Amino acid sequence: MTSTIDSVQHELFVDADLVSSQYVEADGYRTHYLEAGSPSDAPLFLVHGGGMELGMASDRWYPVVGPLAKRGFHVFAIDELGYGDTDAPRDLTKLCDPTQRAEHVIATLDALNLGKVHLLGQSEGGWIVTYIALTRPDLVEKLIVVDSGSTAGAGWSADGKSRHLPYFDTAFEKNNMVPTQNL
């Protein structure tokens, strides 16, 4: 008899044979990513969060890469700059810098020449994919942000005053959090 937990674990981890470990050079950096699915399927590019914590690299996505590929996506999960098996930034003071990481993801998308992708970011990766959507909309078919307070639009400050993030006024309709039509 199979329990529900066994079924869930089977679904999460059974597809290891569908996932391959790949490298591409992006902006002079050896960049690692996981890949699964058919090149004829819609590309889905996964961007992890940050913090240099255990599990903050493409392996965060390992449980979903295979299942998403089986559901009709050509899936890519990047090790961002300085994470996992991707090179560290040349300027180590930029380690963990989200703008540098975002620019590296852009360079990786350009190097892979995927055209427009479904771009999904989790946590701080949500900030990165939002940055990409705003600065390089030519790369984004759909934007998906998962549990990212970093893109909420209003910043927090030590003095208790709310401050808007730089893109807030152009990214959202006035007086609400609905994305503008151009997003």
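About the criteria used
- Residues numbered from 1 in each chain as written.
- Predicted model: local features only at pLDDT ≥ 70, side-chain atom pairs only at ≥ 80, totals over all residues.
- Heavy atoms only, no water.
- Helix = DSSP H or I, 4+ residues; strand = E, 2+ residues; numbered from the N terminus.
- Contact = heavy atoms within 4.5 Å.
- Areas by Shrake-Rupley, 256 points an atom, 1.4 Å probe, with all protein chains shown as cover.
- Buried < 20%, exposed > 50% of the residue type's maximum accessible area, 1.4 Å probe, protein only.
- Pairing = 2+ DSSP bridges.
- Core = buried A, V, L, I, M, F, W, Y, C linked by side-chain atoms within 4.5 Å.
- Axes fitted to C-alpha atoms, helices over the stretch in contact; angles between N-to-C directions.
- Parallel < 35°, antiparallel > 145°, perpendicular 65-115°, else oblique.
- Left-handed = near helix turned anticlockwise from the far one by under 90°.
- Nonpolar A, V, L, I, M, F, W, Y, C, P; charged D, E, K, R; others polar.
- Phe/Tyr/Trp six-rings, centres within 6.5 Å; stacked < 30°, edge-to-face > 60°.
- Right-handed = clockwise from strand over helix to strand, strands pointing away.

Topic: the overall build of the chain
A tally of helices and strands in the chain yields five helices and eight strands. Secondary structure of the chain in N-to-C order comes out as α-β-β-β-α-β-α-β-α-β-β-β-α. Considering only contacts in the chain between residues 6 or more positions apart, those separated by 24 or more positions represent 61%. In the form shown here, the chain has an accessible surface area of approximately 10000 Å², with 54% of it arising from carbon and sulfur atoms.

Digging into the pairing of strand 2 (residues 29–36)
The buried fraction of strand 2 amounts to seven of the eight residues, a majority that puts the element mostly inside the structure. Judged from the seven bridges that link them, strand 1 (residues 20–26) and strand 2 form a sheet pairing that is antiparallel. Residue pairing for strand 2: Ser21 is matched across the bridge by Leu34. The hairpin turn running from strand 1 into strand 2, its antiparallel successor, is two residues long, and Asp27 in that turn takes a positive phi close to 55°.

Some thoughts on the nonpolar core
Core analysis: the biggest nonpolar cluster contains 21 residues, and Phe45, Val47, Val105, Leu109, Leu119, Ile128 and Ile132 have the highest contact counts within it. Listed by contribution, the elements that provide at least two residues to this core are strand 3 (42–47), strand 4 (73–78), helix 3 (98–112), strand 5 (117–122) and helix 4 (124–135). With six residues, the top contributor of residues to this core is helix 4. The residues touching Val105, leaving out its near neighbours within four places in the chain, are Phe45, Val47, Ile78, Glu80, Ile128 and Ile132. Counting residues in hydrophobic clusters, the runner-up holds 11 residues, among them Leu44, Val65, Val75 and Ala77.

Side note on the sheet that holds strand 6 (residues 140–146)
Pairing in this open sheet of six strands is mixed, and the strands run 1-2-4-3-5-6 from one edge to the other. The open sheet terminates on both sides in strands that have one partner only, identified here as strand 1 and strand 6. This sheet shows a mean twist of 25° between the axes of neighbouring strands, independent of strand direction. Bridge count for strand 3 against strand 4 is five bridges, and the pairing is parallel. Paired with Leu46 across the bridge in strand 4 is Ala77. Where helix 2 (residues 62–70) meets the sheet, its contacts fall on strand 2, strand 3 and strand 4, and the angle it forms with strand 4 comes to roughly 160°.

Digging into the packing of helix 3 against helix 4
Orientation of helix 3 relative to helix 4, taken along the N-to-C sense of each, is 60°, at an axis distance of 9 Å. In this view, helix 3 runs oblique relative to helix 4, as classed from their interaxial angle. Seen along the crossing, helix 3 lies across helix 4 with a hand that is right-handed. Side by side, helix 3 and helix 4 meet where Pro98, Thr99, Arg101, Ala102, Glu103, Val105 and Ile106 of the first sit next to Glu124, Trp127, Ile128, Tyr131, Ile132 and Thr135 of the second. When grouped by side-chain class, the residues that make up the contact of helix 3 with helix 4 number eight nonpolar, two polar and three charged.

Things to note about the packing of aromatic side chains
Scanning all chains against the criterion turns up three aromatic pairs. Ring geometry for Phe45 and Phe76: centres 6.2 Å apart, planes at 25°, overall stacked. A residue pair is termed long-range when its members are at least 10 positions apart, and Phe45 in strand 3 and Phe76 in strand 4 qualify at 31 residues. On the basis of an interplanar angle of 15° and a centroid distance of 5.3 Å, the ring pair of Trp127 and Tyr131 is categorised as stacked. A residue pair is termed a helical-turn pair when its members lie 3 or 4 positions apart in one helix, as Trp127 and Tyr131 do in helix 4 at four residues. In this pair, the class of Trp127 matches that of Tyr131, namely buried.

A word on the pairing of strand 6
Relative to strand 6, strand 5 is paired through six bridges, and the arrangement is parallel. In the strand pairing of strand 6, Leu119 is matched with Leu143. For the handedness criterion, the β-α-β arrangement of strand 5, helix 4 and strand 6 is classed as right-handed.

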